[in-house]
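Chain and residue survey
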Amino acid sequence: MALATPLRRLLPVAAAAATAPDPAGPSSLNPRRALSLRYGRLRSSLAASPEPRSRPLTASAAGGGRPTVLVTEKLGTAGLDLLRAFANVDCSYELTAEELRAKVSLVDALVVRSGTQVTREVFEAARGRLRVVGRAGVGIDNVDLQAATEAGCLVVNAPTANTVAAAEHAVALLASMARNVAQADASLKAGKWQRNKYIGVTLVGKTLAVLGFGKVGSEVARRAKGLGMDIIAHDPYAPVDRARAIGVDLVSFDEAISTADFISLHMPLTPSTEKLFNDETFAKMKKGVRIINVARGGVVDEEALLRALDNGTVAQAALDVFTEEPPPRDSKLVQHENVTVTPHLGASTTEAQEGVAIEIAEAVIGALRGDLAATAVNAPMVPAEVLSELSPYVVLAEKLSRLVVQLVAGGSGVKVVKVVYSSTRDPDDLDTRILRAMVTKGIVEPISSAFVNIVNADYVAKQRGLRIIEERILLDGSPEIPLDSIQVHLTNVESKFGGALSDAGDIRVEGKVKDGSPHLTLVGSFSVDVSLEGNLILCRQVDQPGVIGKVGSILGNMNVNVSFMSVGRTARGKQAIMAIGVDEEPEKEALKLIGDTSSVEEFVFLKL
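Read on for a plain summary of the structure. All values derive from a computational prediction rather than experimental measurement.

Taking 1.5 Å as the rise per residue, helix H10 (residues 215–226) with 12 residues should run 16 Å; its terminal C-alpha atoms sit 17 Å apart, in good agreement. For H10, every residue scored as buried is listed here: Lys 215, Gly 217, Ser 218, Glu 219, Val 220, Ala 221 and Ala 224. Remark: Gly 228 follows H10 within two positions and exhibits a positive phi of approximately 85°.

Shown next, in the form of structure tokens:
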């Protein structure tokens, strides 16, 4: 089961159910009306066919009875009504861990919010009966996905119902911050009358940068546009036509942060976005910028933000989320006079809570019926023999994709990905769906909160305007080995490393499985042979003596351990690419010295 971890993380995005309206669509949609329509449709469906349509996932339903759903935290009435129309519902709140383990063996589905920890022990206590866990909300940190997958339990969430609420809260913080509403309110209630102290700034004509132009970010842009603001946005996967329809210009990250008067954060917390807003980032911003964060606390280095507030780089900040929640009572950031704070209220509206309840009820009922859920966050069970054979190629597909997307220049948007499989097998004997899903995962997941799996990878790609083209090269030989190589091409994008471009102008990488491990074998037109593990430095240089030694000495002097090195060249004395594996990320000084080395024409550092 070496594949269990990559499979469960294969890419489910925050995608709406098929019946759900797209919040990024027409802004005239009334959220309450939309909820009413969805509720009515599902109620009608359940009334017409209250029992499972297809072979159920539950043991109890298989015996002819209704499934049982345990709800451990308060859920909106509309959602409970839907569940009760289909199943027996047990609402038991504030259970201890021991009480939960005792109950879970008697139920077919479990619905939780963020307060219930669904641990490996819970799945073990279920003894195979628990088939669905529904998380009423977006985050699934409190559910052990690995254990769920091993137990054959589907995990679903409710990722879209909070969209409007989060967007409205961002706009509320934007306006409140600009006019010092919170500070003036506290001052007046303290018996003071300080009109001159709390002079604000107008929003009309100011530039708002929306960082993360997904469902929430696009809704914020719509509303800010109505306030007379000029909107720019940065998101590598935002469709240009959708942004243009709203009147938003897509720009590079550096342009967005350096030209904006206000910055609203809507990106997920991933390894690539953690503490993205740090001292270096703040230094690039326009002096007096104002920042709103209703996304994730960890994307902001809070100590760096405090310094930026104190030195005037950031005039004001409005924060709904924090690295630690609740933040310490003595937090200097929370207590700062120029900071407006709220206790993670982005989803806290009556309508949003109703929407979450309906959305999770839909997902749980669908799963119990045997439907494939668009909001599934772990993979379906895959036959052991398929896992065993494709396991190393699944890892290879993801590694290549994570590598190639890092070669894209900042302003480029990835829209077309071509995957080329070289194999001796007939196409009918090689199912590449899981490999395609892993390519989607590797391309999208580094800058997304989505979990990609074989169920919804194609849906995720479609939602993000990402086209995956698969081609096959049939080789002669024995079909004993499923694949000889995998190539990943990104077309119509700019590369930050010219050496990665093929003759056709695509960014191209190729990999093979050697001794069970993924290896990089081609970058652009250069042949290399390096293990895809740890971190990688690619250097393009003139092929002449001494270059390899100079670069190796720089790394050695900086205490950077080199795990492997490979050099590929077009011809003697011409161009060459040096691929260097390093255990840790080199200091910026070391990278600068490499770039300054004579004969090194370009280089790039990649995290694998």
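On the surface, Ile 548, Val 562, Met 565 and Val 567 cluster together into a nonpolar patch covering about 270 Å² of accessible area. If you tally residues by element for the nonpolar patch, the top one is strand S20 (residues 562–569), at three residues. Along the polypeptide, Val 567 turns up in strand S20.

Throughout the structure, instances matching the rule amount to 23 salt bridges. Salt bridges sharing common partners tie together Glu 398, Arg 402, Lys 441 and Glu 445.

Next up on the list: the nonpolar core. Grouped together as the largest cluster of nonpolar side chains are 49 residues, with contacts concentrated most on Val 417, Ile 443, Leu 520 and Leu 536. The biggest single contributor to this core is helix H17 (residues 384–405), with nine residues. Apart from the residues lying within four places of it in its own chain, the contact partners of Ile 443 are Tyr 237, Ser 401, Val 404, Val 405, Val 414, Val 417, Leu 466 and Leu 490. Of all hydrophobic cores here, the second largest spans 30 residues; its members include Phe 282, Ile 291, Ala 317 and Leu 319.

Strand order in the open sheet formed by seven strands is S8-S7-S6-S9-S10-S11-S12, with parallel pairing between adjacent strands. The open sheet is flanked by strand S8 (249–250) and strand S12 (339–341), the only strands paired with a single partner. Pairing of strand S7 (residues 230–234) with S8 involves two bridges; the strand directions are parallel. Across the sheet, the residue bridging to Ala 233 is Leu 250, located in S8. Packing of H10 onto the sheet brings it into contact with strand S6 (207–211), S7 and strand S9 (262–265), and relative to S6 it is tilted by some 170°.

Moving on: the pairing of strand S1 (residues 68–71). Regular strands place side chains that alternate from one sheet face to the opposite one. What you see with S1 is no split at all: Thr 68 and Leu 70 on one side and Val 69 and Val 71 on the other are buried throughout. Bridge count between S1 and strand S2 (residues 88–91): four bridges; the pairing is parallel. Note that in S2 the partner of Val 71 across the bridge is Cys 91. On the question of chirality, the crossover connecting S1 to the parallel S2 by way of helix H4 (residues 77–86) is right-handed. Taken together, the three bridges between S1 and strand S3 (residues 109–112) define a ladder with parallel strand orientation.

Criteria and cut-off values
- Residues numbered from 1 in each chain as written.
- Predicted model: local features only at pLDDT ≥ 70, side-chain atom pairs only at ≥ 80, totals over all residues.
- Heavy atoms only, no water.
- Helix = DSSP H or I, 4+ residues; strand = E, 2+ residues; numbered from the N terminus.
- Expected span 1.5 Å × (residues − 1).
- Buried < 20%, exposed > 50% of the residue type's maximum accessible area, 1.4 Å probe, protein only.
- Patch = residues over 30% accessible without salt bridge, like charges linked within 9 Å, V, L, I, M, F, W, Y side chains within 5 Å.
- Areas by Shrake-Rupley, 256 points an atom, 1.4 Å probe, with all protein chains shown as cover.
- Salt bridge = Lys/Arg side-chain N within 4 Å of Asp/Glu carboxyl O.
- Core = buried A, V, L, I, M, F, W, Y, C linked by side-chain atoms within 4.5 Å.
- Contact = heavy atoms within 4.5 Å.
- Pairing = 2+ DSSP bridges.
- Axes fitted to C-alpha atoms, helices over the stretch in contact; angles between N-to-C directions.
- Right-handed = clockwise from strand over helix to strand, strands pointing away.

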